[in-house]
Structures are given as structure tokens and as C-alpha cells.
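The residues making up each chain are set out below.
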Amino acid sequence: MKLTLKVWRQAGPKDKGQFETYQLDNASLDMTFLELMDALNEKLIAEGKDPVAFEHDCREGICGSCAMMVNGRPHGPGQEITTCQLNMKAFKDGETITVEPWRTNSFPVIKDLVVDRSSFEKIMEAGGFVNVEVGSAVDSNTYKVSKARADEAFDAAACIGCGACVAACKNSSAMLFVAAKVSQYALLPQGKTEGVQRAWNMLAKMDELGFGSCSNTGSCEAECPKGVSLSHIARLNREFIKAGFRKAGAEKL
Amino acid sequence: MAKLDAKIPNGPLAQKWTNHKNSLKLVSPANKKKMDIIMVGTGVAGAAAAASLGQMGYNVKVFCFQDSPRRAHSVAAQGGINATKNYRNDNDSVYRLFYDMIKGGDFRAREANVYRAAEVSSSIIDQLTAQGVPFAREYGGNLTTRSFGGVQVSRTFYAQGQTGQQVLLGSYSALKRQAAKGSVTMYERRQMLEIVTIDGKARGIICRNLVTGEMERHSAHAVVMATGGYGTIYFLSTLAVNSSGEAAYAAYKKGAFFANPSFIQIHPSCIPQLNEYQSKLTLMSESLRNDGRVWAPKAQGDKRKPNEIPVEERDYYLERRYPAFGNLVPRDIASRAAKERCDAGYGVGETGYAVYLDFSDAIKKQGKKVIENKYGNLFDLYEKITGESPYKMPMKIYPAGHYTMGGLWVDYNLMTTIPGLYAIGEANFSDHGANRLGASALMQGSGDGYFVLPITINDYLADEIQTPKISTDLPEFHDAENEAKARIEKLMNINGKTSPLAFHKKLGKIMWDRAGMARNAEGLKKGIEEINQLEDEFYKDLNITGSTDSMNQTLERALRVAASFEIARLIIYDALNRNESCGAHFREEYQTQDGEALRNDEEFSYVSVWEYQGNQKMPNLHKEDLVFEEVKVQQRSYK
Amino acid sequence: MTNFFTTSIGRKILMSVTGLFLIMFLLVHLTVNSMILFDGTGDLFNRAAHFMATTPLIKVVEPLLAIGLLAHFLIASLITFQNQRNRNVTYGAFGRYEARNASQGSTWASRNMYILGTVIIVFLVIHLINFFWKMKFTGDPLLSEVIINGEHMENAYALVTGLFINWKWSVALYVVGAIALGLHLYHGVWSAFQTLGWSNKKWRKILNVIGVLFSTLLALGYAIIPLYVMIRSMI
């Protein structure tokens, strides 16, 4: 299988960056896309060139590292996959594949395809937790959670923090990421108490960090490797409206 | 070096931890504020411990090489986490979990530590639930459980096939909470290269900032290694490609002893290698063996499709050999049994190195819907990779490297032989003996992180309250930084032709062939020669392009591979020394007539603890004798 | 509440509320206009128009409508401007991504709400000049008084049909306006409910159906009137 790879190269955060085109003659249908990138890098190293920097770790679709736009789609063509699960069978012999980093002001490029997603960390720190001290927990079955609710909470909790939603969104909004966390905790009795406050804090932080607003186009959901649903955004909105009302009543929530 | 003192408390087994806790020194809140702790690694254990220590009032500095703690490889654990809740009234108890682990570990683990791990297991589930971890529930709203290998009760809590992710995110959220409060400072994208010791005590680390390439010095009153295992030693494994054990090895070189390095778990159910390009193998959770039946054809080289082979021509070899536990035998046994079938020519698939894991009976009995509910995401994962649906065709599975029971030697307080240096989670050796039971890695990591280390570390720090903040300008920091720099210089200046990845692949092949599922003295000895040869070549022909003053992933990898050579040798020294078969360590010379592991309790009922003597030099062997006060050591049987 | 409406969700909620309010107007407006279809003499339409022009309620609603529309447009401009700025458009021939594909699962309408909205605004200005302006301020020869059931009123029917009969291109313009409106509502209806949090996995499907039906109904309704008038005048 012969392929042409058009890869975004950027030496550092300040570098302007440009596309470079590479020919790969020994690609195989059996490879995953990251193995193709490995092969490209092996070739570049052999030629004494700097290999393409990209993030990867678990290679089984759960760590959320392998952020890249492949042919204009986060994690490449395919439903509910990460780049490490993207099979070369999705491409044709002789095809030109364009590989780019996530693009938003909130994820500045560090090098080539590696972007800085620390803005997600800041959103998490703004409220992505249940306020419970280690050692103060009650017996698990004190909380009764219906199976439906527990399953729904799990669907939200399945988010891997990869940033595909932001990359896909025309507004660079992180609503799906924020909603997944807010919704997970809002569905569970453990997290419900502070659910409203959490929604406010995380959303405010998202805004502050320069992510765009949600216009419900649904491309985040379509590109989410874990299929996190837009209905969690609706729940975030509900929680947020409640927060607005409470704030109107008393400044302290 | 002083004799090994495991500091196991006196008294009856069930009282040891309680008594010990009562005797440990405390640090007052005012003093805690003045003290720094470095946490290297942010998996389940590291994140949990950092969060707990931060909550207690210490200043915790947390380091990981990923861009976020949430990406640590604990995230990939699938099946579940054990706890002795006995919610099902199936006569589970702390003692039973303890006994299962001791027996599962083939009587090569330290009794007191294992008992403690079982003892705190129940609190872990409560803690995680309180943090909002969405464990699977019954329709009535209570938590549900499932069974796992090597166990006859149902004590494994789970969140579909992503339990590790959920448990990690639980600890991660606790960590983020502390970070928001300022008690924890995060240092992401740092590769730890050296431990700094001052007057014999661990006082800091040297790490490379992976974005700027700068060397950084960080000091603390104590350092905790939560750095995971070294399973990528086989190159192809179920582990994240960066899980190399490099950091733990740096501690070993600095004087921390390394225990049982050859105990590496080979997981029985992984998707077999499909081609030569493959960079990793994907695990299929052990929980699948709850409902899946393992079989191989009765005829050698049977090339028919699995559905065309009638039941009477199938050999359900696990059920045949181990009627009491059937498909749920521990991992080491299931792995070896699969290897035995394949080596004897009964394997399936193109290479003949696979066996079937068949759900057709379960689907018939319970219905597709129930099976989908239990394993849907695993079935999808399998189909994504292989293109075959497990609902229609049996899965093809083969064993692959998965978890390292061995690790830094620690005493009962989880302190290594370097005072002030602790090791928790997979990075230490303490709880799993020669084989880990399924769903107990998350349990041990969480236990160490939430409920053990945050208690025991005070005992050490109580004597350090007079120590002021440690300056990073001390000569020890200077020397350690220079050492790290020299290592990098050395690698950068080779200017050869071969990439670190290519060396890693070769090393992996040597290790899998010589020190994989079955080992023998001759092969191991050859292995050492091959490793030495490859290492020499590495230092002559390595090629790292790019520079050291910015992000350089080739350099990161080269540093890991360099450490892997040394770890590989350590594994082989240990495997050679242990002239017996136990758990995951199977020496072909030592087996029973029907091919089971043959232990030698007379000579080898000890933890082999290695002390570094220099690269390519035979390390010193210390022995920690295993004393079993409570359990009767016997031949392990799952028949 | 001070800063609720400066947050991204707060602003979207303003969009939803004003949008839903405007939808109500659209419904009323279409109902009145549809009288043209049912009565060739124009009496029905004239009476409805007269009622709308004279009822005191409309005195209250009219300025609200103007404010709602203005708010809807201004907030949309603000949000769109901010979202554009948040995106990185520093490279690539097409802006953000060289390979433009990052819109899986989204409709064209949903990605182009602002453009559709602008088309609607432009149309609206022309529409107002055509009718509203003349009826309210300048007057028009066609508006000469008619007497229905003894009551004097403007002949709005003559003005409306006159435009479509005398200036055929206006029909095309009104059809384009109706299509733009339909597309805008196609995404807007469900989006408004989603933003207000009135959606979940089940309701989303229902809302989508409602959105499609509603937007089709409005687009067809508004497009049919000029077409009907024009075609009838030709046969």
C-alpha cells in the first residue's frame, strides 16, 4: 500500500508551522494509523530527520492521548474510535492523508501534532469532583441508584478527555466535556448536592479559558470516541439554569 | 547494607494492621504544612495517595509524564476491583480474600501485607462510590458484583469493562480537588530521571521537562514512587507503550532494592498478534471467562471454522484439567494451559497460536441481551480490532505480558531500602507474590494510595519535622542533575543509524523467547548474552534525531529502552536464581508430571531482593524469608 | 443574576427565549397571511389585518417584538464574533483545518445559523419596506380604503397581492426568505429546547420531528402565499 502523508509540522509553540508531504511505500492494511505514524517516524529517523511528534500511550482507545485530525476528522474516519483504533483499512491505496493537530486557541500547539490540553485540567479543577474527604465515606449501598441512572451516569463518565469534541466543534466549545462531568455527578446522589454549584463553576471556567459557546450542532457527539450524548449538555443546561435562579435569590449558593 | 527488615508488626494476623496503626507516630497539622512530599506517577495509587496526603495538609508535588494524570495506564484496567463486602452472602470475608491472594500468588507473598490489602478493600469501594464512581448496579439500586479467576465467590465490583478508567477518574477527581485547594501542585509532562539522596535519605528528584527539555530539580522530605510496572519489557504487551518501569529502575540504581523481578504476569486472554507491525496487544478482560468457555480442537491442526467443529470434537481443556474452577482458574494457569495446547499443535488461527473463547453456550442460555449488557463494550472492542463478532464466532485469544508482580522492595510501611523513599501500587512487590489474581491490581493500588501510605508515611516524617525545606542548590542535586545530563549526552552522541523503537522490538523478542511464559536455565543464560550484545549495539548504533532543548520523543523513548536493557537482565538473573516454578514463573525443569508448576518451598520460600552493583554486573542477592504464621503452605490446586 | 447572561449558556438561553418568542409571532403572522389563500375577495385578510393593526395588545407586542428581534440578532452577532475569535484561523487555505471534514453529524443549517439569520434579516428589511412601512407611515395608492361590514379599513390585500402580481421577482425573493427561515427553524426549534434543558435522549427525537414538521410548515406556508397570488393572477 502506497500512501502520501501530508503532515502538519511545527517546531515549537512560537513557530509558524507548515505542511510537509511524505511518501510511504510500505504501509499495510493491517496497520493501525498510529503504527503507520510509527513507520513514518522510523523512516524519518533513518533519514536523519526529526520524527513527527504525536501523543500516544495506551493504544487501546481509553487513555485519550492520541489527538490528531486525520483527513479533517478528529481521530480520523470511523465512529466511536480513537486514532489508535483507526485501521488502515479505512484508506485506499494511493490516497493522500492529511494529518493536523487539534486547532483552537485553548489548545496551543506544543510541537507538530502535540497540543497543550491543560485547559481541560483547569476546568476539572474548577469543580470536576465530589467534595468528599478520603476516609469519610459511608457504606456504598447507602446510596441507592437505579440501574437506569447508574447506566446514564456511566455513559457520561466514559469521557476520556481527549478533546475531540473541541476539535470538531465549529465554535471550539468544550460543552460536551464539561457536560459529561456535570451530568455524571448530577445523576448520582453523591454528587447531586453540589451539582448546581459545579455546573456554574465549570462552565464559568470554560468560558474564561476561551472555549466557544455551544450551538447544538452535534458534531461533538458524532466525533466523540465514547459516544457521549448531547443529552448530557441538556442536563448541564438545566443545572446551569438552576444555578442562575439560585444566584438570583442569594449570592451564595 | 543493613539486613532487610520488613517491620512486620507482632501479634495475630488480623490485629497486625490495627496494632501497627496505633503505634505509628503522627505529625501535627502545623508541621504537615511545612513538609513537602514528591509523588512520582499519577495512576490509581499515585493519584489516590497524593489526594490523601494533600487533604492531610502536606505540600504534595505530583509528577507524571503524560499531559494529564487521567491518562496513566491504570485507565486501561477493564474487569473490576475486588472487595470483601460480602453483599451476596456467599461467605466472603477478609480472610477469604487474603487466602485467595496468598494461594493465587503461589505462596510467595508476604502474609501481613496481603492481609492488610484485603482488610482495607471494603473501604475502597465506599470511598470510590462516594467520589461518584458509577459502579454497576442492580435494578434495586444496590451495587452488583461478578466473579473472577481463582476465586469461588463473587466479590468483583465493576463499571462495564472500563473499571480502571472509572477508578482512576475517581482518584483523579480527588487529586484535582486538592490541586484546586493548592495543597497539590501538578507537574505534568515530566520524565523522572534520578532520585536525589542526601545523607542516605531520599530528598528529591531530577526530571526532564518534556516540553522545554530543561532539567528540573525538585526537593521534598519524602519521595513516593507510584510509577507502575515494567511490562513493556516484552515490547508487545497489554501495556501502554510508555510503561517501562524506568523511574523505579532509577531508584534501584540509587540503592533501592528490587524484589522478585522475574514475576511477570502473562494474561491468558489477549487478542493474538495479527501482524508484524503491531505495537501492542489488546487485553480481553478476564471477566469474560465468567461466561466464555475456553477450548481448542481435539484434533491437531484442525483448520475447520470453529462453528463447524462439533462439540464432541472440542477440547474444553480448562474444564477438563481443572474441574473445580473450570474456566475461572488463575491467570498463570490459564496462560500456560493455552501455551501447552498451542505448542502441542492444537492451536487455531493462522499462526496456530490462539485458542477459542466461546460464548455460544452463554448466549443460548442467557440470551444475547444479557451477554451484551455484561460485555457489550468488550465485544465491540474485539470486533473493531479483528473484524469478527464474538456474538457469532468465538473469540481467538492468546496470552500476553500484562502485569509485573515484582517491583521495588518495601517494608510493611511501604518504604524501600532508601529511607524516605516509598513505593506503592504496581511499582512495589508486596501483595501479589508470584501471580496476581484478577481485579486485585486496582484494589492494591487504591488501598496503598488511600489507606496505607498516608498512614505509614507519617511515622517517617514525624522524625523530619526539624528538617527545613531542602534546597535544590545542594551538591547532591547538582551531581544527580549532571548524571542525568551525562546519560542524555551519551545517548545523543552515539549518532548511529537505528531507532530506539527498533531496539525495543528486538529486546522484546529476546525476552519473550527467553524469559516469557516458560523459561529454562539454558535459554536464560543465552538471553543474558543476547541482551548484552544488543545493549552494546544500542550504545554503538542508536540514532536520536532532534535536539535536547525541546520536545524530543525519540530521546524519551531511548531513555526508556536504555533502562529496559538493565531491567531485562535483572529479570533474567532472578529467573535463573529461582530454581523452581511458582505462579507466573515457570521453569521447564521444574514441573509435575501433568505439567503443573513445581514449587520448592524448602529452598525458595523467600523474596529474592536484588541490590544494584553496576550495569552488566551481577547484583547482590538478599533474601527475605517468607514466614507463614496463618496459612498452611501447600501445593496449589484448582482441580 | 448579574452575570448569568454574560456566560455562554446564559447568552444561549437569551437566544432560545427570544427565538421561541419570535416563533410565536411567526405563527400568528402566518395565520393572518393564510387568509389570503382562503378568500379571493380579500375581505377575510383585510379584516384580520385590520384587527391586528387596531387591537391594543399589538401596541404592547410590537415593541417587544422589535426588541426581541434586535436582541436575537445582536446576541447572535456577539456569540458568533466570539466563537470566531476562539477558533484558530492562523493557517490553512480554508481557515481552521486544511482538510475540511470536521462537521460529521451536524446539519448544514446548524453550522450556518448566523448566515441564515442574516439572510432573514435582509429579507425582513425589504419585507418591512414593502408593506409595514407603507401601511404605517408613507401610505400607498393601493391602500385605498375599503368598507367591510360597514367598517372602514385599509386595503392591505391589494397592497400585498399587488406586489406579487406586479413585480414577479419579489415572489422569488419571498420564496428564498421562506426557505432561509425554514432552515433556520429546522435547527433553531430543537436547539432552543435543548439550550433550555428541555431535552433528553427520548425527547430529542421527538423535538427533532417537531422541528422538521414545524420548519417545513412555516417555510411552505410563507412560500405558498406569494406563489399562489402570482399563479392565480396568471391563469
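See above for the structure.
Just so it is clear, the structure is predicted and the values come from calculations on it, not from any experiment.

So, the interface of chain C and chain A
Interfaces are often described in size by the accessible area the parts lose on coming together. Counting from both sides, the interface comprises 39 residues of chain C and, opposite them, 46 residues of chain A. Looking at the side of chain C that touches chain A, the elements with two or more residues in it are α1 (8–33), α4 (56–86), α5 (108–111), α8 (168–195) and α9 (201–234) of chain C. Here the side of chain C that touches chain A is built from residues that sort into eleven nonpolar, 19 polar and nine charged.

Structural notes on the sheet that holds strand β17 (residues 407–408) of chain B
All names here are of chain B. The strand order across the open sheet formed by four strands is β17-β11-β19-β20, and the pairing between neighbours is antiparallel. For this open sheet the edge positions go to β17 and β20 (620–625), each flanked by a neighbour on one side alone. Bridge analysis of strand β19 (residues 606–611) against β20 gives six bridges, and the strand direction is antiparallel. The residue of β20 that forms the bridge with Val609 is His622. Most of the contacts of helix α16 (residues 553–577) go to β19, to which it runs at about 140°, and overall it touches β11 (258–259), β19 and β20.

Remarks on helix α11 (residues 368–386) of chain B
The α-helix advances 3.6 residues per turn, and as a result positions three or four apart in sequence lie on the same side. Residues and elements named next belong to chain B. In this model α11 runs just 20 Å from its N-terminal to its C-terminal C-alpha over 19 residues, more than 12% under the 27 Å that 1.5 Å per residue would give. The largest bend in α11 is about 80°, located at Tyr375. Listing the buried residues of α11 in full gives Ile371, Lys374, Tyr375, Leu378, Phe379, Leu381 and Tyr382. In this structure, the buried residues of α11 make contact with α10 (360–366) and β16 (395–404).

Considerations on the nonpolar core
In this structure, Val178(A), Met39(B), Val40(B), Val224(B), Met225(B), Leu408(B) and Tyr422(B) are the most contacted members of the largest nonpolar core, which totals 299 residues. With 13 residues, the single largest contributor to this core is α16(B). With sequence-adjacent residues up to four places away left out, Val178(A) is seen in contact with Ile123(A), Met202(A), Leu203(A), Met206(A) and Leu236(A). The next biggest cluster of nonpolar side chains, apart from the first, holds 32 residues, and it includes Ile36(C), Ala49(C), Leu116(C) and Leu183(C).

Remarks on the interface of chain B and chain A
Between chain B and chain A, the residue contacts involve 61 residues of the former and 64 residues of the latter. Secondary structure elements with two or more residues in the side of chain B that touches chain A: α3 (44–56), α5 (111–130), α6 (163–181) and α16 of chain B. With nine residues, the single largest contributor to the side of chain B that touches chain A is α6(B). Across the side of chain B that touches chain A, the residue classes break down as 22 nonpolar, 28 polar and eleven charged.

Description of the sheet that holds strand β2 (residues 59–63) of chain B
Residue and element names in this part refer to chain B. Taken together, the five strands give an open sheet; going across it, the order is β6-β2-β1-β10-β18, and neighbouring strands pair in parallel fashion. Strands at the two margins of the open sheet, each flanked by one partner only, are β6 (184–187) and β18 (421–423). Across the sheet, the mean angle separating the axes of adjacent strands is 20° when strand polarity is ignored. Of the strand pairs in this sheet, strand β10 (residues 222–225) and β18 are connected by three bridges, and their pairing is parallel. Along β18, the bridge assignment pairs Met225 with Ala423.

Procedures and definitions
Residues numbered from 1 in each chain as written. Chains lettered and ligands numbered in written order. Predicted model: local features only at pLDDT ≥ 70, side-chain atom pairs only at ≥ 80, totals over all residues. Contact = placed C-beta atoms within 7 Å. Helix = DSSP H or I, 4+ residues; strand = E, 2+ residues; numbered from the N terminus. Nonpolar A, V, L, I, M, F, W, Y, C, P; charged D, E, K, R; others polar. Pairing = 2+ DSSP bridges. Axes fitted to C-alpha atoms, helices over the stretch in contact; angles between N-to-C directions. Expected span 1.5 Å × (residues − 1). Bend = angle between axes of the 7 residues up to and from the residue. Buried ≥ 20, exposed ≤ 12 C-beta atoms within 10 Å, placed from the backbone. Core = buried A, V, L, I, M, F, W, Y, C linked by C-beta atoms within 7 Å.

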